[in-house]
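Read off the chains here:
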Amino acid sequence: MDYDALLHEVAAQVRPLAGQGQVSRYIPALVAVEEDGFGIAVADVDGEVHGVGDWEAPFSIQSISKTFSLALALALDGEGIWRRVGREPSGDPFNSLVQLEYENGIPRNPFINAGALVVTDRLQTLTGDAGAAVLGFLRAESGNPSVAPDQDVADSEAAHGDRNAALAHFMASYGNLENPVPVVLEHYFRQCAIAMSCRDLALAGGFLARRGVRNDGSRILTVSETKRVNAVMLTCGTYDAAGDFAYRVGLPGKSGVGGGILAIVPGRCALCVWSPRLDSYGNSVAGVAALDRFTTLTGWSVF
């Protein structure tokens with residue numbers, strides 16, 4: 001596969017869409033990004049990486065981090081996490097309180113904010129430092145030791161994190177948190193504020209394309225566990241637009257309001273695309289279009 005030619009064709013076709021949509025404003029620090037940026041990278045299962053555009057520019061990974069915290073929790077604790085969080089699409093906004101009340105404090109899936117807080121809480125219990133565990137894994141898999149949280153973004157999230165605090169306190173009232181709410185929030189904000197490039201994330205997501213095998217050849221997840229992470233990404237990874245994403249792209253994917261999307265072609269490669277302007281669901285307009293075009297040109301999907 002001539003990835004360079006493919007990515008240049010994708011970029012040429014979708015770059016005009018980088019001017020459509022709105023940059024996330026609920027985290028004020030994200031407003032300062034280059035609004036019309038666009039980058040895409042692909043890392044094959046052997047770790048060879050290609051990219052075009054702003055593919056080496058770091059951005060706030062936000063909810064993409066939830067994929068890695070879930071993988072670590074599964075690796076350390078097996079199926080136990082599923083007793084505290086579901087695996088179904090939510091149908092509500094990613095920061096909604098509504099379902100928690102009538103589902104007794106059990107979040108619908110690990111990729112909405114409430115579910116990610118539960119996963120962070122469990123990872124904190126298992127490791128003693130959930131934020132460091134996620135960061136260490138991302139540094140190792142990307143091969144980039146300079147990957148780090150953006151402190152301005154972390155501070156901005158904490159200063160405007162009342163909704164996440166409400167979610168955490170509500171779940172704590174049902175006994176679905178093991179650690180103090182402030183501790184869980186601190187580690188959650190820290191992992192969401194990690195800054196990485198498309199290159200970094202494509203490499204870091206490679207274990208999901210290699211059916212659970214890390215870049216160094218060691219195994220972090222079983223084949224079955226990897227299948228399940230990819231399945232939850234497909235059904236729940238792009239907020240309320242997961243059905244449309246599956247229809248258009250046909251790959252497991254996880255988006256973040258920083259404008260990034262990580263997508264997996266099992267057995268072949270991991271891709272990351274970044275463009276900060278979002279649609280009404282919180283997904284990158286140009287990013288979704290780029291992945292749509294990539295799968296159309298290659299014929300690769302899970303269907």
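This write-up is about the structure you can find in this document. (Residues numbered from 1 in each chain as written. Predicted model: local features only at pLDDT ≥ 70, side-chain atom pairs only at ≥ 80, totals over all residues. Heavy atoms only, no water.)

Overview of the pattern of salt bridges
Taken as a whole and assessed by the stated rule, the structure comprises 13 salt bridges. In this structure, the salt-bridge partner of Arg214 is Glu141, at a minimum N-O distance of 2.7 Å. Here Arg214, found in the loop between helix H10 (206–209) and helix H11 (223–236), pairs with Glu141, found in helix H5 (residues 130–142); they are 73 residues apart in sequence, far enough to count as distant. Take Glu141: its relative accessible area is 3%, and that puts it in the buried class. Among the charged side chains, a network of salt bridges with common partners joins Asp77, Arg84, Asp121, Arg122 and Glu178. (Salt bridge = Lys/Arg side-chain N within 4 Å of Asp/Glu carboxyl O. Helix = DSSP H or I, 4+ residues; strand = E, 2+ residues; numbered from the N terminus. Buried < 20%, exposed > 50% of the residue type's maximum accessible area, 1.4 Å probe, protein only.)

Description of the sheet that holds strand S5 (residues 148–149)
With respect to topology, three strands assemble into an open sheet ordered S4-S6-S5, the strand pairing being antiparallel. What marks the edges here is a single partner per strand, and that holds for strand S4 (59–60) and S5. Where S4 meets strand S6 (residues 194–196), two bridges bridge the pair, whose relative direction is antiparallel. Opposite Ser60, over in S6, you have Ala195 as the bridge partner. On top of the sheet, H5 reaches S5 and S6; it is set at about 10° to S6, its chief contact. (Pairing = 2+ DSSP bridges. Contact = heavy atoms within 4.5 Å. Axes fitted to C-alpha atoms, helices over the stretch in contact; angles between N-to-C directions.)

A closer look at the environment of Thr226
Here Thr226 shows up in helix H11. Placed 18 residues apart in sequence, Thr226 and Leu208 show a C-alpha to C-alpha distance of 6.0 Å. Aside from chain neighbours lying at most four places away, what touches Thr226 is Phe207, Leu208, Arg211, Gly212 and Leu221.

Some points on the pairing of strand S2 (residues 39–44)
Most of S2 sits inside the fold, with six of its six residues counted as buried. Side chains Gly39, Ala41 and Ala43 of S2 all project onto a buried face; the interleaved residues Ile40, Val42 and Asp44 project onto the opposite face, where all are buried too. Pairing of S2 with strand S3 (residues 49–53), which is carried by five bridges, proceeds in the antiparallel orientation. Directly across from Ala43, in S3, lies its bridge partner Val49. Between the end of S2 and the start of S3, which pair antiparallel, lie four residues, with Gly47 showing a positive phi angle near 90°. The pairing of S2 with strand S9 (residues 269–274) spans six bridges and is antiparallel. Each residue of the ladder has a partner; that of Ile40, found in S9, is Val273.

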